[in-house]
Amino acid sequence: MGDFVRIALALAAKDLRVEFRTRSTLLAAGIFAALVLVVFNFSRDPTAVPDAVIGPTALWVAVAFAAVVALNRGFTLERAHGAMDALRLAPAPRGALFLGKMGANLVFVLLVEGIAAPLAVLFFDLPLATAGWGLPLLLLLASVGLVAVGTLLSAMAVRTRFAELMLPVLLLPFLVPPLTAAAGASVRLFGGRPLSEVVGWLRFLAVYDLVFVTLGLLLFSAVIDE
Amino acid sequence: MNDPLARARALLSVGGWITLVALLGAAAVVVLALQFTPTEASQGLAQKIFYLHPPAAWGAMLAFALCGIASIAFLFLGDLRLDRFAASSAEVGLAFSAVMLTTGPIWGKPIWGTWWDWDPRLTLTLLLFFLFLGYGALRNALHDPRERARYSAVVGIMALVLVPFIHLSVYLFRTIHPKPVVLRPDGPALPPEMLRTFLLSVAVFTLLYVGLVIMRYALGLARDHAESLAGGDHA
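Caption draft 1: Here's a closer look at a nonpolar patch on the surface. All names here are of chain A. Nonpolar side chains collect at one region of the surface, where Leu27, Ile31, Leu35, Val38, Phe42, Leu122 and Phe123 lie side by side and expose about 720 Å² of accessible area between them. Taken together, the elements giving at least two residues each to the nonpolar patch come down to helix H2 (24-42) and helix H5 (94-123). Broken down by element, the residue count for the nonpolar patch peaks at five residues, all from H2. On the secondary structure map, Leu27 appears in helix H2.

Spelled out as structure tokens, the structure:
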């Protein structure tokens, strides 16, 4: 068990170290998320659709799209110099490899959300104080499931010729349940409703996370072993 | 029968005959539904879609469920025939859901007053349609048969697991889709003539599923054979 966690952490640390040496993908994903928010602002009539209505929606669409961009990075990294084969040869449990890849992706997506969420609050004048701690909790719960599914799918998509297109085509249907829950909950949080009113949504997200992380642990060997 | 091409030809002709019988049955259903089944009082002629839409839905759900089950079995057994079956089932399921997704709005417009509604069943069907389009796109983008089989099995299983989540997430909203009229605890709530036409249509669609899957399976068999002859170096 100790080894399992150690391997996962080592792999995640490796991925993050590679990323932080250049910060290029993180920067691009952050800018992309910010631009989605800007585009959202200008693709509505501000007299017909108020900020409070479109703000949370724009945030989740930005998060979903930026996550797709970010997730493509994880396994593209391993494609160079046969790194994937080295990973395959490693005497490591496949579940640990999945957790490591997923962990790095999670940190990455959370960082992008760290850029997108404050910008959404700023652009759409969302009452941050009203939402309170519910918002970070919601972002975390939504991201775990998103990243679990995304890690599994991107490991496969990267082996195809149109990886950049294949990942969103496969991933977006899987994002409908978590996005439904996240949007429903965040509208209520920003609306000043108490946390107890969104507990149902949070629980739904937690179950989704649990199921798809487990599925990832079980299925990852089918994805990387030949 | 060790020659894959001979086997593919034999399967193709078996599947072709079954499909032909099913298509004749479909013609019979149309005649029966329009001429020999009473018109429903409140919905009028629009209700006739009942003999096409739910049977197609049944075929699509059967196809996707069997694809998911075959995917699980493939990961355990590693038999490429299971993969070929899963792919065939998914493709036939796509055709059936296309029927379901086009006939539904045609009925929905006069009865609901809207072509589309984000109701749990509509949403679920639409997302399954997209999921299996993605499944097909992934298959097309991969060349190594074993890799293709493993990847599509993973996606098939993930799709199976996703279904309850989609259903639950949309179910929290109100549904306007009609409640079941045939499969309900108190027994079917419709006249025997309607039930007869409906059940015939369900049987026809099931037969159509079997025929099409066998034909598609034969095609897959022939294609795999062709790929193995080409040496797989075209990828």
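Caption draft 2: Representation of the pattern of salt bridges in the model. Residues and elements named next belong to chain A. Following the criterion strictly, the structure yields 16 salt bridges over all chains and no others. When the shortest N-O distance is used, the salt bridge between Asp85 and Arg88 registers 2.5 Å. Of the two residues, Asp85 and Arg88 both sit in helix H4 (residues 83-89), three residues apart, roughly one turn of that helix. A relative accessible area of 16% places Arg88 in the buried class. The network of salt bridges with common partners includes Lys14, Asp15, Glu78 and Lys101.

Caption draft 3: Structural detail: the environment of B:Met215. Residue and element names in this part refer to chain B. With respect to the helices and strands, Met215 occurs in helix H6 (residues 192-230). Judged by relative accessible area, Met215 falls into the partly exposed class, the value being 28%. Taking the C-alpha atoms as reference, Met215 lies 30 Å from Leu195; in sequence the two are 20 residues apart. Here Met215 is in contact with Leu12, Gly15, Gly16 and Thr19, once residues within four sequence places are set aside.

Caption draft 4: Geometry of the packing of H5(A) against helix H9 (residues 199-224) of chain A. All names here are of chain A. Two elements in contact, H5 and H9, have axes separated by 8 Å at closest approach and are oriented at 110°. One way to sum up the angle between H5 and H9 is to call them roughly perpendicular. Considering how the two elements wind past one another, H5 and H9 form a crossing that is right-handed. Contacts from Arg94, Gly95, Leu97, Phe98, Leu99 and Met102 in H5 reach Val213, Gly216, Leu217, Phe220, Ser221 and Ile224 in H9. In terms of residue class, the contact of H5 with H9 is made up of eight nonpolar, three polar and one charged.

Caption draft 5: Seen up close, the packing of aromatic side chains. Under the definition given, this model contains 15 aromatic pairs over all chains. Judged by centre distance (4.7 Å) and plane angle (45°), the ring pair of A:Tyr208 and A:Phe212 falls under tilted. Note that A:Tyr208 and A:Phe212 are positioned in helix H9 at a spacing of four residues, about one turn of the helix. The pair formed by A:Tyr208 and A:Phe212 is uniform in burial state, with each residue classed as buried. Grouped by ring-pair contacts, the aromatic residues A:Phe174, A:Phe204, A:Tyr208, A:Phe212 and B:Phe165 constitute a single cluster. Taking the ring centre of A:Phe108 as reference, the NZ or CZ of A:Arg73 above it sits at 4.2 Å. The residue whose ring lies beneath A:Lys101 is A:Phe75, and the NZ or CZ to ring-centre distance is 5.1 Å.

Caption draft 6: Representation of unusual backbone geometry. Residues and elements named next belong to chain A. The phi dihedral of Arg23 is positive, around 60°, even though this residue is not glycine. Positionally, Arg23 belongs in the loop between helix H1 (2-22) and H2. With relative accessibility at 46%, the residue Arg23 sits in the partly exposed group. The phi dihedral of Asp125 is positive, around 50°, even though this residue is not glycine.

Caption draft 7: Quick look at H2(A). An ideal rise of 1.5 Å per residue puts 27 Å on 19 residues; H2(A) measures up with 27 Å between its terminal C-alpha atoms. The inward-facing, buried residues of H2(A) abut H1, helix H3 (51-79) and H5 of chain A.

Caption draft 8: Broad picture of the packing of helix H2 (residues 53-77) of chain B against H6(B). Residue and element names in this part refer to chain B. Running from N to C, H2 and H6 cross one another at 35°; their axes reach a closest spacing of 9 Å. Viewed along their axes, H2 and H6 form a crossing whose handedness is right-handed. Contacts from Pro54, Pro55, Ala56, Trp58, Gly59, Leu62, Ala63 and Leu66 in H2 reach Phe198, Ser201, Val202, Phe205, Thr206 and Tyr209 in H6. Class assignment of the residues belonging to the contact of H2 with H6 gives a composition of 11 nonpolar, three polar and no charged.

Cut-offs and rules
Residues numbered from 1 in each chain as written. Chains lettered and ligands numbered in written order. Predicted model: local features only at pLDDT ≥ 70, side-chain atom pairs only at ≥ 80, totals over all residues. Heavy atoms only, no water. Patch = residues over 30% accessible without salt bridge, like charges linked within 9 Å, V, L, I, M, F, W, Y side chains within 5 Å. Areas by Shrake-Rupley, 256 points an atom, 1.4 Å probe, with all protein chains shown as cover. Salt bridge = Lys/Arg side-chain N within 4 Å of Asp/Glu carboxyl O. Helix = DSSP H or I, 4+ residues; strand = E, 2+ residues; numbered from the N terminus. Buried < 20%, exposed > 50% of the residue type's maximum accessible area, 1.4 Å probe, protein only. Contact = heavy atoms within 4.5 Å. Axes fitted to C-alpha atoms, helices over the stretch in contact; angles between N-to-C directions. Parallel < 35°, antiparallel > 145°, perpendicular 65-115°, else oblique. Left-handed = near helix turned anticlockwise from the far one by under 90°. Nonpolar A, V, L, I, M, F, W, Y, C, P; charged D, E, K, R; others polar. Phe/Tyr/Trp six-rings, centres within 6.5 Å; stacked < 30°, edge-to-face > 60°. Lys NZ or Arg CZ within 6 Å of the ring centre and 35° of its normal. Expected span 1.5 Å × (residues − 1).

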